[in-house]
Amino acid sequence: MTPQLAILTALFAPLAGALVTLALPRRRAAFVVGAVALALSLAAAIGLVVATAGGAVHALHAGNWPAPFGIVLVADGFSALMLAVCQLVTLAAFVSAAWTLPARFHRRHLVPLVQLLAFGTCGAFLTGDLFNLYVWFEVLLLSSFALMSILPGREARAGTWRYVVINLVSSLLFLTAAGLIYGKTGSLNFADLRLRLVDADSAFLVESSAALLFGAFAIKAALVPLAFWLPASYPLLPPALGALFAGLLTKVGLYALYRVGTMVFGFDGDFPHRGVLFAVALLTMIAGVLGAIGQSGMRGILSFHIISQVGYMALALALFSPLAIAAGIFYLVHHIVVKANLFLVTGLVEERAGSSELNRVGGLLHASPLLALAFAVPALSLAGLPPLSGFFAKFALLRSSLDLGDTLAATAIVVVGVLTLFSMLKIWRGAFWGEPRAALPGRTPPAVGISSACLAAVTLAIGLACGPVFGLAESAANSLLDPAAYLDAVLGSANPVMP
Amino acid sequence: MEILVALTIGLLVAAGIHRLLGAGRINLLVGLILLSQAANLTIFASGGLRHDAPALIDGTTEPAVMADPLPQALVLTAIVIGFGILAFLLALILRSTSK
């Protein structure tokens, strides 16, 4: 299979899945087709990771149009890695959601919507063009809006509105920025933009459009002070969908920040507004972790921890050394798996105990030790304990900040890590220790258990095989900071010539 | 011409934000529509405003006197997406008021 075919498979398998499942009336058939489509996309994404491992970049010029003019899909180390992890998490969340959610969700097209969400994320990772990135964002946002609007109840509707409006405002900022950048440079292709921005004469226009872009991505990635829509909407989702949203949506925003901050605007170890991003990242880490302390339900605590962890990854970008970017990419990979898994476990707890509010459950350790183990692995990884993946992510980030002599960042990394551990212990004490507060009504659905166990195994594997995975992250970081191979694949000899 | 368009964009943004901050969901909707029109106009203006210059490539017209076709294509895409989102939001409003 050529890499170009793998790109097409990864992108279009979910779209085909959406179209077919839309036509299938039976729930079980739709479930099987959806899972097969996502698995196919995941397999293609893993193939792309292998194909790009040595720093190779593969571009697909749609319709054989040459690059700055036609649509181009690019798989480099970073996008392939993100694609594989996101498809893995989507598959796990899809299996759990399609298996456990009530008929109401299926009547309102849960399966095709998840497929379209996966389609949008794939497109966002693979596109090599700023305007197409906007279109892919809209694809995945609209599917997420539709998923969210299924939720019943007044409170859920209010949360949906908050989520919809803030995301639309961010899209409009993005669109305006794309327009301004086109007006300034005459191009929207990432590779072409980099070449044109190298010798841009007016710093003002570059910085203003960069500010708009970063603002738009910061809303999507949930960076404080633009993050408070997240804890207002995510806890309303059933955990299986929460896993999907937590794993994918803010991370696509971070992906865009990384891609644009390094490859398009990043020259000579700097990009516009790096100091602002640094301050915002620290603020995000601290505000997120402090917000979690005030929460009493697992959903709420985990939602605030998304914010705090996003801060870590933004901090890695703001430090902007090769090691820091590699640490950030490794952190993204680790975090997507772990955070989605924590939401899946929340779903298991809710099925087993009827609630995930910490004052209403308890004693789950005795009732089901396996469930406790399923929580312990991702929770300890999130807090950063060895030998799990989170430890190496935090360690690499700490190392890079110390290398740069940045004690402020290093202190924040350690302190927020300790506070994260505190939150995880709070869940542990509330839900798993002690005596059961009420009879445990439910049973844990096996499909969710298996998905969660698979993700936990991946977390362990990333931790144990830290060397090779970090190697992938390093090569991805190199291709972002020195995109010679990327430019060559998009604009160079592989580029078709105008007829 | 540029000044007129720039002023219009500013006015649209101001009105949009004003409505966005108002109470009620219809206000939110109108605010978002106004803001998206402002974004569309920005893209449109970014290609350079020209009078009597078609964006057609027929092989004989000098490129210098043609309008840039790309911003027009981008605006078209953005309008379609904006329209889809508008329809979705209207459906959302309808559903939350009908029950």
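Predicted model only: the values in this text are computed from it and were never measured.

Caption draft 1: Structural view of the overall build of chain A. A tally of regular secondary structure across chain A gives 21 helices and 2 strands. Its C-alpha atoms give chain A a radius of gyration of 21 Å, near enough to 23 Å, the size a compact globule of 499 residues would have. With respect to the three principal axes, the spread of C-alpha positions in chain A is 70 × 55 × 40 Å. A total of 499 residues make up chain A; the buried ones form 64% of that total. Restricting the contact set of chain A to residue pairs at least 6 apart, pairs at least 24 apart contribute 81%. When the accessible surface of chain A is split by element, carbon and sulfur atoms take 68% of a total near 16700 Å². Measuring between centres, the 26 positive side-chain charges of chain A sit 19 Å from its 19 negative side-chain charges.

Caption draft 2: View of the pattern of salt bridges. Taken as a whole and judged by the stated rule, the model has 5 salt bridges over all chains. The salt bridge involving Asp270(A) is made with Arg274(A); its shortest N-O contact spans 2.8 Å.

Caption draft 3: Representation of the side chain of Ser308(A). Residue and element names in this part refer to chain A. Mapped onto the secondary structure, Ser308 falls in helix H13 (residues 298-319). Relative accessible area serves as the criterion here: at 0%, Ser308 is assigned to the buried category. Those residues in contact with Ser308, other than ones at most four positions away along the chain, are Thr284, Met285, Gly288, Val289 and Val416.

Caption draft 4: Just the interface of chain B and chain A, in detail. At the junction of the two partners, chain B supplies 26 residues and chain A supplies 27 residues. At the boundary of chain B with chain A, total buried surface from both sides reaches about 2400 Å², with 78% on carbon and sulfur atoms. Counting the contacts that link chain B with chain A gives 0 salt bridges. Inspection of the chain B/chain A interface yields 3 residue pairs in polar contact (both at pLDDT 80 or more). Broken down by secondary-structure element, the contributors of at least two residues to the side of chain B that touches chain A are helix H2 (25-46) and helix H3 (69-98) of chain B. By residue number, the principal contributor to the side of chain B that touches chain A is H3(B), which donates 13 residues.

Caption draft 5: Main features of a nonpolar patch on the surface. All names here are of chain A. Taken together, the side chains of Ile286, Leu290, Ile293 and Phe422 make up a nonpolar region of the molecular surface, amounting to roughly 340 Å² of accessible area. Examining the composition of the nonpolar patch, we find that 3 residues originate from one element, helix H12 (residues 274-293), more than from any other. Locating Ile286 in the fold gives a position in helix H12. Using a relative accessible area of 38% as the deciding quantity, one classes Ile286 as partly exposed.

Caption draft 6: Focus on the environment of Asn40(B). Residue position: Asn40(B) is located in helix H2. A residue is classified by how much of its surface remains accessible, and Asn40(B), at 6% relative accessible area, is buried. Between the C-alpha atoms of Asn40(B) and Gly82(B), which are 42 residues apart in sequence, the distance is 9.6 Å. Contact partners of Asn40(B), with chain neighbours within four places excluded, come to Leu175(A), Val75(B), Ala78(B) and Ile79(B).

Reading the values: the criteria
Residues numbered from 1 in each chain as written. Chains lettered and ligands numbered in written order. Predicted model: local features only at pLDDT ≥ 70, side-chain atom pairs only at ≥ 80, totals over all residues. Heavy atoms only, no water. Helix = DSSP H or I, 4+ residues; strand = E, 2+ residues; numbered from the N terminus. Rg over C-alpha atoms; globule rule 2.2 N^0.38 Å. Buried < 20%, exposed > 50% of the residue type's maximum accessible area, 1.4 Å probe, protein only. Contact = heavy atoms within 4.5 Å. Areas by Shrake-Rupley, 256 points an atom, 1.4 Å probe, with all protein chains shown as cover. Lys, Arg positive; Asp, Glu negative; His and termini not counted. Charge placed at Lys NZ, Arg CZ, Asp CG, Glu CD. Salt bridge = Lys/Arg side-chain N within 4 Å of Asp/Glu carboxyl O. Buried area = accessible area lost by both parts, 1.4 Å probe. Polar contact = N/O pair within 3.5 Å; in protein donor to acceptor, adjacent residues only side chain to side chain. Patch = residues over 30% accessible without salt bridge, like charges linked within 9 Å, V, L, I, M, F, W, Y side chains within 5 Å.

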